[in-house]
Each structure stands twice: as C-alpha cells, then as structure tokens.
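# Observations on the three-dimensional arrangement
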Amino acid sequence: MNLVRTMAILLFAVAALGAMMLTNPGRDRAFQPMVARIAAGDQGQARLFSARIDGWHLEPALSLPSGERTSEGVFLVLDLTAAGTTESTTLAADWIGASGRRYATTARAEGLPRRLDTAWMQPGLDSELTATFELPEDEIMGGALLLHLPRMPALEGALLMAPPQTPPAIRLAPVSR
Amino acid sequence: MTSPEPSLLRRMIRRAIALSGIAAALLLGWWMRIEAARSPDLLPEIRLGESVSLGRTQLRPDSLTLEDGRLVLRALAENVTGETQSSPFGIPARPPEAVIGDSVLPTPEIVLLRDQAPLGQLQPRLPEEISMIWTLPEDWRPVPVTLRFSRETFKLRDNLYGQASWLGHVPAATLTALPGTAP
Amino acid sequence: MKRGLWILAALAMTVAACGIAGWPDWQDWRRTQVLNESRPESDMAVLSGTEIRIRRQAVLTLPDLPDRAVIWLQLAVSPTPAAAASLGGCNPVLRDGRGRRFLPLSDELGLKLLKILGRDWAISCAQSLRAADGAGAVSDQVYLVPVDVVDALELEVSGPETRPDGAIFTLSPQPLTLP
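Residues numbered from 1 in each chain as written. Chains lettered and ligands numbered in written order. Predicted model: local features only at pLDDT ≥ 70, side-chain atom pairs only at ≥ 80, totals over all residues. Heavy atoms only, no water.

Counting secondary structure elements, chain B contains 1 helix and 11 strands. Scanning chain B from its N terminus toward the C terminus, one meets helices and strands in the order α-β-β-β-β-β-β-β-β-β-β-β. Against the compact-globule benchmark of 16 Å for 183 residues, chain B has a radius of gyration of 25 Å, which places it well outside the compact range. Over its C-alpha atoms, taken along the principal directions, chain B stretches across nearly 90 × 35 × 25 Å. (Helix = DSSP H or I, 4+ residues; strand = E, 2+ residues; numbered from the N terminus. Rg over C-alpha atoms; globule rule 2.2 N^0.38 Å.)

Here the focus is the interface of chain C and chain A. As a measure of interface size, the accessible area lost when the parts come together is often cited. Each partner contributes residues to the interface: chain C has 13 residues there, and chain A has 12 residues. Summed over the three residues of chain C that lose the most area to chain A, namely Arg100(C), Arg101(C) and Leu103(C), the buried surface amounts to 41% of that side. Between chain C and chain A we count 5 residue pairs in polar contact (both at pLDDT 80 or more) in total. Taken together, the elements giving at least two residues each to the side of chain C that touches chain A come down to β6 (101-102) and β7 (137-146) of chain C. It is β7(C) that provides the largest number of residues to the side of chain C that touches chain A, a total of 3 residues. (Contact = heavy atoms within 4.5 Å. Buried area = accessible area lost by both parts, 1.4 Å probe. Polar contact = N/O pair within 3.5 Å; in protein donor to acceptor, adjacent residues only side chain to side chain.)

Glancing now at the arrangement of the chains. In this assembly, 2 pairs of chains are in contact, and the pair with the greatest number of contacts comprises chains A and B. The closest approach of any C-alpha atom in chain B to one in chain C is 19 Å; the two make no contact.

For chain A, per-residue confidence averages 92 on the pLDDT scale, and residues scoring 70 or more make up 97% of the total. Strand β6 (residues 92-96) of chain A holds the highest mean pLDDT among the elements of chain A, 97, whereas helix α2 (residues 27-30) of chain A holds the lowest, 82. (pLDDT = per-residue confidence, 0-100.)

The next subject is the side chain of Glu128(B). Within the secondary structure, Glu128(B) sits in strand β8 (residues 128-135). The buried category is assigned to Glu128(B), whose relative accessible area is 5%. Not counting residues within four places of it along the chain, the set of residues in contact with Glu128(B) comprises Glu134(A), Ala75(B), Leu76(B), Ala77(B), Leu112(B), Arg114(B) and Leu122(B). (Buried < 20%, exposed > 50% of the residue type's maximum accessible area, 1.4 Å probe, protein only.)

What follows concerns the nonpolar core. Side chains of nonpolar character tend, in soluble globular proteins, to be buried together. Ranked by size, the top nonpolar core spans 30 residues in total, and within it Leu76(A), Trp95(A), Phe133(A), Leu145(A) and Leu147(A) carry the most contacts. Contributions of two or more residues to this core are made by β3 (49-64), β4 (67-84), β6, β9 (127-135), β10 (144-148) and β11 (157-161) of chain A. Formed by 29 residues, the second largest nonpolar core is a distinct cluster that contains Leu64(B), Ala98(B), Ile110(B) and Leu136(B). (Core = buried A, V, L, I, M, F, W, Y, C linked by side-chain atoms within 4.5 Å.)

Further remarks concern the sheet that holds β10(A). All names here are of chain A. In space, the 5 strands of this open sheet follow the order β1-β11-β10-β6-β7, with mixed pairing throughout. The open sheet has two edge strands with one neighbour each: β1 (34-38) and β7 (102-104). In this sheet, adjacent strand axes meet at a mean angle of 25° when their direction is disregarded. Across 3 bridges, the pairing between β10 and β11 is antiparallel. Bridge pairing in β11 places Leu147 opposite Leu159. (Pairing = 2+ DSSP bridges. Axes fitted to C-alpha atoms, helices over the stretch in contact; angles between N-to-C directions.)

Turning next to the pairing of strand β3 (residues 50-61) of chain C. Residue and element names in this part refer to chain C. Direction of pairing for strand β2 (residues 44-47) relative to β3: antiparallel, over a ladder of 4 bridges. Of the residues in β3, the one forming a bridge with Val46 is Glu51. Taken together, β2 and the strand that follows it, β3, pair antiparallel across an intervening segment of 2 residues, in which Ser48 is found at a positive phi of about 35°. Across 11 bridges, β3 lies against strand β4 (residues 68-79) in antiparallel orientation. Looking at β4, one finds that Gln57 is bridged to Leu73. The turn linking β3 back onto β4 is made up of 6 residues.

What follows is about helix α1 (residues 2-32) of chain C. Over its 31 residues, α1(C) runs 45 Å from end to end, which matches the ideal 45 Å to within 8%, given 1.5 Å per residue. At Gly22(C), α1(C) is deflected by roughly 40°, the largest bend along its length, and proline Pro24(C) occurs up to four residues later in sequence. (Expected span 1.5 Å × (residues − 1). Bend = angle between axes of the 7 residues up to and from the residue.)

It is worth spelling out the pattern of salt bridges at this point. Across all of its chains, the model carries 27 salt bridges over all chains by this definition. The partner of Glu139(A) in a salt bridge is Arg125(B), and the shortest N-O contact between them spans 2.9 Å. Of the two residues, Glu139(A) sits in the loop between β9 and β10 while Arg125(B) sits in the loop between β7 (109-112) and β8, which places them in two different chains. The buried category is assigned to Glu139(A), whose relative accessible area is 0%. A salt bridge links Arg68(C) to Asp67(C); its shortest N-O distance comes to 3.2 Å. In this structure Arg68(C) comes out as buried when scored by relative accessible area, which is 11%. (Salt bridge = Lys/Arg side-chain N within 4 Å of Asp/Glu carboxyl O.)

Contact residues are listed per partner, giving 24 residues for chain A and 20 residues for chain B. When chain A packs against chain B, the two sides together hide about 1800 Å² of surface, and 43% of this comes from carbon and sulfur. Viewed at the interface, chain B and chain A are joined by 5 salt bridges. Linking Glu72(A) and Arg114(B) is a salt bridge whose minimum nitrogen-to-oxygen distance equals 2.8 Å. Summed over the shared surface of chain A and chain B, the result is 14 residue pairs in polar contact (both at pLDDT 80 or more). Elements that contribute at least two residues to the side of chain A that touches chain B include exactly α2, β4, β7 and β9 of chain A. Taken together, the residues of the side of chain A that touches chain B sort by class into 6 nonpolar, 7 polar and 11 charged. (Nonpolar A, V, L, I, M, F, W, Y, C, P; charged D, E, K, R; others polar.)

Residues and elements named next belong to chain C. As summarised here, the arrangement of the 5 strands in space is β1-β9-β8-β5-β6, forming an open sheet in which the pairing is mixed. Both edges of this open sheet fall to β1 (36-38) and β6, since each of them pairs with a single strand only. Summarising the sheet, strand β5 (residues 91-95) and β6 pair through 2 bridges and their orientation is antiparallel. Each bridged residue has a counterpart across the sheet, and for Arg95 the counterpart in β6 is Arg101.

Laid out in structure tokens, this is it:
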C-alpha cells in the first residue's frame, strides 16, 4: 500500500515536471514586445510613439540617386504618419507577410527621402514617413505592418497595423520625390 | 537513534549504483572517440550547379570564371529562413573562401547580378543571382581553385538563454574547379 | 513563540535576498535618472568638475512648417583634466513642462540644419569632452520641438558618470532670422 502511494506521488511529480517543461515558454516567446492590433485606417498608440497608415502602393523598381533598383518581387511602399509621445525615438518596421514570413524594410531604398529607418520621431510632432519593403507580390494581401522600436525591446509597445482595405495600386513610373 | 550496520552486500550495491554514472560517462566518452576515429571527417565535394546549405542561406554555385584578372563565382543565393537576413553568410559573415594552393584569397566583394549593387539583405522567397569577386594576385596562372563553404548551425534553444540562435561556423563542403573564361 | 521567531527570520531572509538581488539593478537605474537636479542661476553650471556654459540659444521658425520650431544651442564645456571623462556619453536633453524629452537631432535633418546655421559639423557633447584634455570645447546641438513649448523649455545636462546629479538650465531662446 505504502509502495503504491509512493509510486503514485512519484508519477504525479514526473508528470507535473514534464508538463512544466513542455509548456515552459522559451526566451523567444517569453520576452516579447506587447503588440497591439490596429484596424485598417485607425491611429495606433504605443508607449513611445503613435502611427497611422495613410496609403500604400507598389513600385516595380525604385529610382535612387545612385541608379535604379529592381527586384525579383515588388517594392511595397507604405506612407505613414508617426509621432513620438514622451521621448525622441527612432522606429523600425517589418511586414508580416501572408505566409507569416517577416520582411524588414529594405536597405536597397537607401537614398530615398523620409525613410522610416533613419528618421527620428519627436514628441508631439507628426512626421510623414515611408517604409519600403521588397517581397513577393503574394505576401501583400493578408499581411500586416509591425511597427516597433529598433531591436524590439521586451515589454515595450509595438503596433501590428492592418493595411488599407483597397489593394495597392501599381505606380509604374516612379514620381520624382 | 542508531541503526544497525547494513550488510556488506547492501553496501556494495549502494556503491555500485553511485559509481554507475561515472562508469557510464567514461564508457560513452571512450565509445564516442572510437566512433570519431572510425569515420574520418570527409567534407562533401560538390560540383558547379549543386546546392550547398550555409545555414541561413542555400547557395548554388553556377559558374567560376576569370574576368579582367578577377575570379568571379556566379551563384544563386536563397534565404531559407522565415525572416529577412541582413548578413546572409552568417554573423560574423563568412562567405566562401577561395584557396589556390596553400594561400587563401582575401574576402570577396559580393554584388547582385541584377544591378551590381552590393548584397545587403536577402529576403525570404526571393532568390538572388549574385557574383562573388576575388581580386587575384599579379603572378596568377590558371590552376584549379578550391572553394571552401562553411555553414552556421541552428539551435532552437541555446544553452545560454534558451532562445533560437545561429551558432558557430562548421565546414560544409568544398568545390574544386578550373576557372573558365567569361561567356 | 518559537514558531513566530522562525517566521520572522524567514521574512528577514526574504527581504535580505530581495535587497541583495535588487541592489545592482537599483544602482543601474540610478545611472539612468537625474534625481538630484541643480538649477544654476546663470547660464553656467559646474557638474562633477566640468564647467558647462550656454554660449548661445536661439529659436528658428520654419515658414513651411508653422507647427514646429528649431532650437539651436551652443554649449561650451571646460573640464578639469581629472574630470575630462566624467561627461562622456552625455546627452543634453530638452524638456518641456509636460515631461516630454527631446534629444538633439543626429540624423540628416540635424546635419542640414547645422549647415544652414553656418556650423559645418555637430560635435556631440561626448566627443568634444573626450577631445578636450581639459582644454574645453564648444558643441552645437539642434532640436526640433512643437512651437507651443518654446517658452517652457529646460535643458538637462548629465552623463552616466555624473548621474544621479544633473544640471537643469531654464532656457529663453532668442528668435533668429536667417540671413
């Protein structure tokens, strides 16, 4: 009888330990920014910044001062308005594609004005910015924009923003900016 | 509270159990050394047109040519992870090494074939044709060149933080070819 | 009685453990905050051996963007040789009355503005101090702020080595017209 009880307690302990080990979140899941979902067209508000998507379009090629940049996919350009809240800050953006893959703003857009990657948000001042992504066209519909502080500090605010409901128009001849 | 001295057999069993871990560790270590000696580290030898996995990137070397005194490797690079890689050849970056005889050529310049811009990021699902360009020494004569590829290993939960990491470079494959002339 | 003592001892140990574990974090946190604010009467303050003076403060309004103003500060720092490193990595931060903090512009816009103002390169506070060797240096900083807070601005100067001490200057920038 005593042995049975001991075995039952031991089994329970092993099961409890196994359950804890299996459900224990890894560091990648435990230390995440706090993501708020923002519906299409709405203004998103995080602790250090607020942002809104004003529009989007596609460009088959980017014309830069250093020459034209083409792509195997397309360039998705989002026009944003963003502002700081309490402190000057920089922002970074990722496009979470329809397949769940994560596309960072492309470094190939270097030289375009008003790039989100290099701009500083000042408290209380709206800045108009563009975020440019290079991606396959089928990642666009069903995807969303993730705006966050650079290097994704844990427990900091981030915004997962739905894009406009109308599909992006293709801008064939890039307008001079 | 005094307990009677356990019998010799019981004491021996206890000590054997306590020692079994050490014995198992010794045996396992010994067996692993034998296994390592039995299978020598032979790097796979690939040919032009065959793919090799470099960890974050899958690389398919297509042609090795000589252009204006420079050695050019055309290749198709594909990001096989789920996110943009800003250092496709790992961190720290270790692009393929070109070896002639005993000397290793300096780090190549890597550009996109489409517009000759330097390779910065590699986006998932967008394979890029790239060329790696090595500057050759003055006194170079056409001899077979060996390219050494190294791979980063992925660990879902690393030992330090328990987070997904790309750790360390290990040799992945070699390719030996005589550089042709540019088409 | 005896059980109560044990409970008390356990509580004391818990508090001690928290204290020991939290002490480095508390020290780190103090390094990020200005807790002891000194408010100089004039345009000059001394912060751990370094003399900081505001040589020039100006406000520039942009005709195209009426909602924002550019603040231009010229700071002169003259550290004693012993204190040359004490302001290393220092950030001169602008604060308004509502707890908002403005960092100096370090992007393209900042460089462009400094060029317009006739200064060719922004020497950040830290760099000028490291180059100084006790000789002193002048650094230019530009800020972009909403136009309605221009009258309520304060400048906070501190460095990782001086915190929790920091100097707070009350600003009254003069309007500047570009030639």
